[in-house]
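Next come the chains, spelled out residue by residue.
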Amino acid sequence: MTTANAIIVGASSHLSKEIARQLAEQKVSLVLFVQDPDAMAEFAASLPTKVDVLPLDIENPTAIISQLEKVWLSLEGAHLVLVNTGLNAYSEALPWEIEQDIIDVNVRGFAAICNTTFRLMREQGYGQIAAINSIAGLRGGPSVTYHASKAFAENYLEGLSMHAQRLKLPITITDIQLGLLDKAAMQKSKLWLPPLPKVAKQIVSAMQKGKRKVYVTKRWRLVAWLTLLLPEFIYNTRHWKVKKKK
């Protein structure tokens with residue numbers, strides 16, 4: 001019996017670690033791409049399965065493509081590739097440097113990972129691409145480029161799914177629409193901030209069921225639905241006024 005294996009790109013976050021832990025408990029072999037492999041050594045050693053930790057240069061698409069191809073060859077393929085590489089930042093001045101960083105990671109890096117993985121899975125004949133996305137992509141927001149990048153990710157994943165169907169390939173695309181957990185954490189909301197193991201469990205379950213799109217946790221589906229329904233004059237409550245000259 002062949003052991004299932006998975007690649008997690010962006011495995012250093014608390015959420016990625018919990019997902020890795022739950023997959024490892026199911027005896028899934030793991031390859032973890034992180035920016036600082038040394039910092040992950042102890043965590044990797046604690047998992048009850050085969051784990052390789054490799055460096056990730058998320059802002060260099062050419063390097064990412066090369067890394068994935070080499071790992072794919074050494075593994076002789078993979079059943080699952082999970083992408084969790086989102087970058088978010090906010091500054092009232094909207095400096096281009098921050099905007100560019102978000103685009104480099106959330107758009108260029110994300111697309112390079114998904115595109116390369118899809119190509120490799122097409123050659124392999126099967127597989128699953130899953131990505132940690134956000135309901136922030138449903139509409140624009142103060143973190144302008146972050147919201148836009150998540151909308152890009154959502155549409156990119158949908159396009160890959162349509163392409164797989166067109167080619168009649170058993171490649172599953174799973175868009176994991178994460179709720180606004182950072183905001184819930186700042187507001188110390190117990191209702192909207194569930195325990196991390198629960199979040200990871202719902203994600204692992206959705207991937208194993210081959211879900212096309214899933215809201216995590218499930219109650220965020222209501223927020224997403226309301227967000228889409230709100231008219232512009234209610235959703236955008238910031239009515240700026242021009243200051244009168246004295």
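Residues numbered from 1 in each chain as written. Predicted model: local features only at pLDDT ≥ 70, side-chain atom pairs only at ≥ 80, totals over all residues. Heavy atoms only, no water.

1. Looking at the side chain of serine 143
Here's step 1: Mapped onto the elements, serine 143 comes out in the loop between β5 (127-134) and α5 (144-166).
Here's step 2: You can call serine 143 buried: its relative accessible area is 13%.
Here's step 3: The contacts of serine 143, once residues within four sequence positions are left out, are Asn88, Ala89 and Tyr90. (Helix = DSSP H or I, 4+ residues; strand = E, 2+ residues; numbered from the N terminus. Buried < 20%, exposed > 50% of the residue type's maximum accessible area, 1.4 Å probe, protein only. Contact = heavy atoms within 4.5 Å.)

2. Things to note about unusual backbone geometry
Here's step 1: Residue threonine 217 is reached from valine 216 by a cis peptide bond, and omega for that bond is -10°.
Here's step 2: In this structure, threonine 217 sits in the loop between β7 (213-216) and α8 (220-229).
Here's step 3: Not every positive phi belongs to a glycine, and glutamate 76 is a case in point at roughly 60°.
Here's step 4: Residue classification places glutamate 76 among the exposed positions, given a relative accessible area of 74%.
Here's step 5: Residues other than glycine seldom take positive phi values, yet lysine 168 does so here, at roughly 55°.
Here's step 6: For lysine 168, a relative accessible area of 74% puts it in the exposed group.

3. Observations regarding the nonpolar core
Grouped burial of nonpolar side chains is what soluble globular proteins tend to show.
Here's step 1: With 31 residues, the main nonpolar core has Ile19, Leu23, Leu30, Leu32, Ile176, Ile203 and Met207 as its most contacted residues.
Here's step 2: In terms of residue count, the dominant contributor to this core is helix α7 (residues 196-208) (6 residues).
Here's step 3: When sequence neighbours within four positions are dropped, the list of residues in contact with leucine 30 reads Ala6, Ala20, Leu23, Ala24, Leu47, Thr49, Lys50, Val51 and Asp52.
Here's step 4: Among the nonpolar cores identified, the runner-up in size contains 28 residues, and Val81, Leu160, Ala164 and Ile171 belong to it. (Core = buried A, V, L, I, M, F, W, Y, C linked by side-chain atoms within 4.5 Å.)

4. So, the sheet that holds strand β2 (residues 29-34)
Here's step 1: Taken in spatial order, the 7 strands of this open sheet run β3-β2-β1-β4-β5-β6-β7, and their pairing is parallel. This sheet does not close on itself; its edge strands, each paired only once, are β3 (51-55) and β7. Pairwise comparison of adjacent strand axes, ignoring direction, gives a mean angle of 15° for this sheet.
Here's step 2: Pairing between strand β6 (residues 171-178) and β7: 4 bridges, direction parallel. Residue pairing across strands places glutamine 177 opposite tyrosine 215, the latter belonging to β7.
Here's step 3: Across the face of the sheet, α7 comes into contact with β4 (80-83), β5, β6 and β7 while running at roughly 170° to β7. (Pairing = 2+ DSSP bridges. Axes fitted to C-alpha atoms, helices over the stretch in contact; angles between N-to-C directions.)

5. Looking at the packing of aromatic side chains
Here's step 1: The tally for this structure, following the rule as stated, stands at 2 aromatic pairs.
Here's step 2: Arranged with centres 5.6 Å apart and planes meeting at 35°, the rings of phenylalanine 152 and tyrosine 156 form a pair that is tilted. In this pair, phenylalanine 152 and tyrosine 156 both sit in helix α5, 4 residues apart, roughly one turn of the helix.
Here's step 3: For tyrosine 156, a relative accessible area of 22% corresponds to the partly exposed category.
Here's step 4: Here a set of aromatic residues connected by ring pairs shows up, and it is made of Phe110, Phe152 and Tyr156.
Here's step 5: If you follow lysine 17 out to its NZ or CZ, it ends over the ring of phenylalanine 43, 5.6 Å from the centre. (Phe/Tyr/Trp six-rings, centres within 6.5 Å; stacked < 30°, edge-to-face > 60°. Lys NZ or Arg CZ within 6 Å of the ring centre and 35° of its normal.)

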